[in-house]
Amino acid sequence: MQRDHCLIASAIFLAACGGEGAPASADPALVTPDRAALAAAAPDSFTVVLGTSKGEVEIRVRREWAPLGADRVHYLAQHKFFEGAKFFRVRPGFVAQFGLSGRPEVDAAFRNLSLTDDPVRTGNRRGTVVFAAGSSPNTRTTQLFVNLADNSQLDAMGFAPVGEVVRGMDAVERLFAEYGEGAPYGPGPDQGRIAAEGNRYLRTAFPRLDSIVSVTIRP
């Protein structure tokens, strides 16, 4: 599982080196994020509904689990960061990962806006939603994954769930997964190229990836 940790960790490192369904012009709050707004506290709990190409996925975010992570998710969802984003890394029985926007100017804006780590307050069980992070502390930015199995080994590695899928886990399980692990560990999408070229790269090289087509926040 150390290798799996490295593969998850690479998500943030490679993204530092992001479209179909994406708005033609990004919200200014995504291109030039305001640090005060980013630091604003989210509600104690809220629901993010992702309309995906496989159906709706409803995520209940719980601030008591990971306050800083929940605040970031709320900001990103509020400003439609995830609209047009692809599920670029899907490993059956492990994780489904997303959170590069498909717009290079947006992903570049968040590259250095990393979060201080939240302590792990609940386990990485199936259906929980967690920030991907680098192998060094305090490297969470925008990338998230859904645990497709009970991945308790991630608890000791510092991966703190921020919420859980409460409806639509069947849609998550149907996400296209045949491209395999991402570069450089496999033939799947290269996160550096996603960040640099956006969804144009993914549409050309990995056209069957599933997308997030809408994002809604509910109290």
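Rules used in this analysis
- Residues numbered from 1 in each chain as written.
- Predicted model: local features only at pLDDT ≥ 70, side-chain atom pairs only at ≥ 80, totals over all residues.
- Heavy atoms only, no water.
- Helix = DSSP H or I, 4+ residues; strand = E, 2+ residues; numbered from the N terminus.
- Buried < 20%, exposed > 50% of the residue type's maximum accessible area, 1.4 Å probe, protein only.
- Pairing = 2+ DSSP bridges.
- Axes fitted to C-alpha atoms, helices over the stretch in contact; angles between N-to-C directions.
- Contact = heavy atoms within 4.5 Å.
- Core = buried A, V, L, I, M, F, W, Y, C linked by side-chain atoms within 4.5 Å.
- Salt bridge = Lys/Arg side-chain N within 4 Å of Asp/Glu carboxyl O.

Participant: How should the environment of V215 be read in this particular structure?
Facilitator: Position of V215 relative to the elements: it lies in strand 10 (residues 212-218). A relative accessible area of 1% means that V215 is categorised as buried. V215 sits 131 residues away from G84 along the chain, and the two C-alpha atoms are 9.5 Å apart.

Participant: What is the right way to look at the sheet that holds strand 5 (residues 128-131) in this model?
Facilitator: Backbone hydrogen bonds hold the strands of a sheet together, and the pairing may be parallel or antiparallel. Taking strand neighbours across the sheet as the criterion, the eight strands line up as 3-4-6-5-7-2-1-10 in an open arrangement whose pairing is antiparallel. One side of each edge strand has no neighbouring strand; the edge strands of this open sheet are strand 3 (89-91) and strand 10. Neighbour to neighbour, the strand axes of the sheet diverge by 25° on average, direction disregarded. The sheet contact formed by strand 1 (residues 45-52) and strand 10 spans six bridges and is antiparallel. Bridge pairing in strand 10 links L50 to V215. Against the sheet, helix 4 (residues 67-78) contacts strand 1, strand 2 (55-62), strand 5, strand 6 (144-147), strand 7 (161-167) and strand 10, and its axis sits at roughly 45° relative to strand 1.

Participant: I would appreciate a short explanation of the nonpolar core in the present structure.
Facilitator: Soluble, globular proteins show a tendency: their nonpolar side chains are buried together. Residues V48, L50, V73, F82, F98, F110 and V172 are the most contacted members of the largest nonpolar core, which totals 42 residues. Here this core gets five residues from one element, more than from any other, and that element is helix 4. Excluding residues within four positions of it along the chain, L50 makes contact with G55, E56, V57, I59, F98, I212, S214 and V215. In this structure, A132, F145, L154 and F159 belong to the second largest nonpolar core, which totals eight residues.

Participant: Please clarify how the pattern of salt bridges should be interpreted in this entry.
Facilitator: Two side chains bearing opposite charge may form a pair once their charged atoms approach each other closely. According to the stated counting rule, one finds 14 salt bridges in the structure shown. One salt bridge connects R218 with E58, and the closest N-O pair in it is separated by 3.4 Å. Residue R218 is found in strand 10, and its partner E58 is found in strand 2; the two are separated by 160 residues along the sequence. For R218, a relative accessible area of 38% translates into the label partly exposed. E58 sits in the buried class, given a relative accessible area of 15%. A salt bridge links E164 to R125, with the shortest nitrogen-to-oxygen separation between them at 3.1 Å. Here R125 lies in the loop between helix 5 (104-110) and strand 5 and E164 lies in strand 7, a separation of 39 residues in the sequence. Exposure remark for E164: the relative accessible area of 16% places this residue in the buried category.

Participant: Is there a simple way to think about the pairing of strand 7 in this case?
Facilitator: In terms of residue burial, strand 7 counts as a mostly covered element, since five of its seven residues are buried. Looking at chain direction, strand 2 and strand 7 are connected through four bridges and run antiparallel. Residue pairing for strand 7: E58 is matched across the bridge by R167.

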